Amino acid sequence: MEKKPMLSVAQALQTLLQAVRPIQEIEQVSTLAANGRVLAQAQRSSLYAPPMDNTQMDGYAVRAADCESGCARLRVSQRIPAGVVGQTLEPGTAARIFTGAFIPAGADAVVMQEQCEVENFNDGQDQQTFVTIRHQVKPGEWIRRQGEDIQQGAEILPAGTRLRPQELGLAASVGLATLPVLRALRVAVFFTGDELTMPGEPLKPGSIYNSNRFLLTGLLQNLGCQITDYGIVPDNLAATRATLREAAQQHDLIITSGGVSVGEEDHIRPAVEAEGNINMWQIAVKPGKPLAFGEVRRVAQLDQVEQVNPIEMNQVANTAFFLGLPGNPVSSFVTFLLFVRPFILRMQGIQNITPISYLMRADFEWKKADKRNEFLRAKMNAEGGLTLFSNQSSGVLTSTVWGDGLIDLAAGQTVAHGDMVKFIPFNGLLY
């Protein structure tokens, strides 16, 4: 049988995104609790922001016409702190005003207090305050206009927005106490490998600690997923199939780590094929070649379901998506960022899933070109270039902590000192 060529990174991503079924269920949540959620419906403002003209500075609200001389002496007729609506300003007077307070009717400018001299007089019956303004005031100085930030009726947040603290602040600024968001994506995770041990337990001969459990769970938390962790599953076909069946019932997506290669102890592929189907297998990417994508049936009695064409499967029986990641920690990390992250974002209804990248100078050489698309861990240096981590092995997790991001090298690409290379920072990939 002729061996099929591996999919490129772009082809694999296209395959994943074409299969996406976006979440449809909507729930109303408190704006305070909406951080990281995805907005289901566009939001409009029912008011102006700011609602009225207000001052940007502590100072004095005046009529600009009263200060044309550049040395005006005005009686202070009122005091207006934030939250208080002042009276109409009489000609020839000034109002003491504080940042954020509404501009009183009649005033058309604010003079900051640093440009003012204040005098207090007491004639025995009443105390009066005067302010001398040594400045030619122009209408509009230091005034924030009504609706300067947001116009009444304007769309402030489009549907599909992933809500960050700044979006929540914007929603709150127009009085939105709750927001309609898509149901959180339900993701099941489990890890295969009899050699895996949990931190805190004694490390037996031949065993390693399960770093991927913490790595992948943290990445999923960053994306706002609702996670069920099935832990470490024994390295046998029956246990793997049983866990897949259980996980498929209540989850949108199943993610595994390990067991997706072609060894005798790698049971993920046959288990998924028995419980559903594999749509994609092995990518021309380094690190991370053994990446699997498929679906697992959600049915009570699998024996009663006839084998169907994979394309028709979702019409016959509901399915959960499956993504099997490599066991090596850097491979798992990189393939999550390149494939799982955009897949999850698109399922959440987010359209813009392309991470920001930059062309940066390589302050290193890379002479060993690979047939696969390589992603190298690198760090921005003080000279404005990129420094490469010394060991690019797929098991060297320290490279992901030391580095600032990934250098995207096309298949067959080498790098000489000074070449410009594509750099994708981690801060655009982790959330």
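Residues numbered from 1 in each chain as written. Predicted model: local features only at pLDDT ≥ 70, side-chain atom pairs only at ≥ 80, totals over all residues. Heavy atoms only, no water.

Another aspect to go through is the packing of aromatic side chains. Considering all chains together, one arrives at 6 aromatic pairs under this definition. Relative to F343, the ring of F321 has its centre 5.2 Å away and its plane inclined at 90 degrees; by these criteria the two rings are edge-to-face. With F321 in strand 21 (residues 319–325) and F343 in helix 7 (residues 329–347), this pair connects stretches of sequence that are 22 residues apart. Under the relative-accessibility criterion, F321 is labelled buried at 1%. Its relative accessible area of 0% is what places F343 among the buried residues. These aromatic residues form a ring-pair network of at least three members: F293, F321 and F343. Cation over ring: R73 sits above F130, and NZ or CZ is 4.2 Å from the ring centre. In this structure, R269 packs its charged tip against the face of W281, placed 4.4 Å from the ring centre. (Phe/Tyr/Trp six-rings, centres within 6.5 Å; stacked < 30°, edge-to-face > 60°. Helix = DSSP H or I, 4+ residues; strand = E, 2+ residues; numbered from the N terminus. Buried < 20%, exposed > 50% of the residue type's maximum accessible area, 1.4 Å probe, protein only. Lys NZ or Arg CZ within 6 Å of the ring centre and 35° of its normal.)

Look at the link from A49 to P50: it is a cis peptide, with omega at -5 degrees. Mapped onto the elements of the fold, P50 is located in the loop between strand 2 (43–44) and strand 3 (54–55). Backbone torsion omega between K286 and P287 reads 0 degrees, so that peptide bond is classified as cis. With respect to the helices and strands, P287 occurs in the loop between strand 19 (285–286) and strand 20 (292–297). In this structure, W142 takes a positive phi of about 55 degrees despite not being glycine. Tracing the backbone through its elements, the reader meets W142 in the loop between strand 9 (127–133) and strand 10 (143–144). Relative accessible area serves as the criterion here: at 30%, W142 is assigned to the partly exposed category.

Two quantities define a packed helix pair, namely the angle between the helix axes and the distance between the axes. Closest axis-to-axis distance for the helix 3 (residues 211–222)/helix 7 pair is 11 Å, and the angle between their directions is 25 degrees. Judged by the angle between their axes, helix 3 and helix 7 are roughly parallel. Crossing angle aside, the handedness with which helix 3 passes helix 7 is right-handed. Together, S211, N212, L215, L216, L219 and L220 of helix 3 and P329, S332, F333, F336, L337 and I344 of helix 7 make up the contact between the two elements. In terms of residue class, the contact of helix 3 with helix 7 is made up of 9 nonpolar, 3 polar and no charged. (Axes fitted to C-alpha atoms, helices over the stretch in contact; angles between N-to-C directions. Parallel < 35°, antiparallel > 145°, perpendicular 65-115°, else oblique. Left-handed = near helix turned anticlockwise from the far one by under 90°. Contact = heavy atoms within 4.5 Å. Nonpolar A, V, L, I, M, F, W, Y, C, P; charged D, E, K, R; others polar.)

Bringing the sheet that holds strand 9 into the picture now. Read from one edge of the open sheet, 6 strands run 7-4-6-5-9-8, paired in mixed fashion. Edge strands, defined here as strands with exactly one partner in the open sheet, are strand 7 (109–112) and strand 8 (116–122). Taken over all neighbouring pairs, the strand axes of this sheet differ in orientation by 40 degrees on average, direction set aside. By the bridge criterion, 5 bridges tie strand 5 (residues 72–80) to strand 6 (residues 93–97) in an arrangement that is parallel. In the strand pairing of strand 6, R79 is matched with R96. (Pairing = 2+ DSSP bridges.)

In this section: helix 1 (residues 9–19). Within the sequence span of helix 1, burial applies to V9, A12 and L16. Summarising the axial view, the buried residues of helix 1 lie within an arc of 70 degrees, below the 170-degree limit, and thus occupy one face. Among the exposed residues of helix 1, those oriented more than 90 degrees off its buried face are A10 and Q18. (Arc of directions from axis to C-beta.)

Secondary-structure assignment places Q152 in the loop between strand 10 and strand 11 (155–157). Take Q152: its relative accessible area is 48%, and that puts it in the partly exposed class. As a C-alpha pair, Q152 and V174 span 22 residues in sequence and 9.4 Å in three-dimensional space. Once residues lying within four places of it in the same chain are set aside, the contact partners of Q152 are S45, S46, L47 and Y48. Of the polar contacts made by the side chain of Q152, one reaches the backbone oxygen of S46; its length is 3.0 Å. (Polar contact = N/O pair within 3.5 Å; in protein donor to acceptor, adjacent residues only side chain to side chain.)

In short, geometric facts, not functional conclusions.
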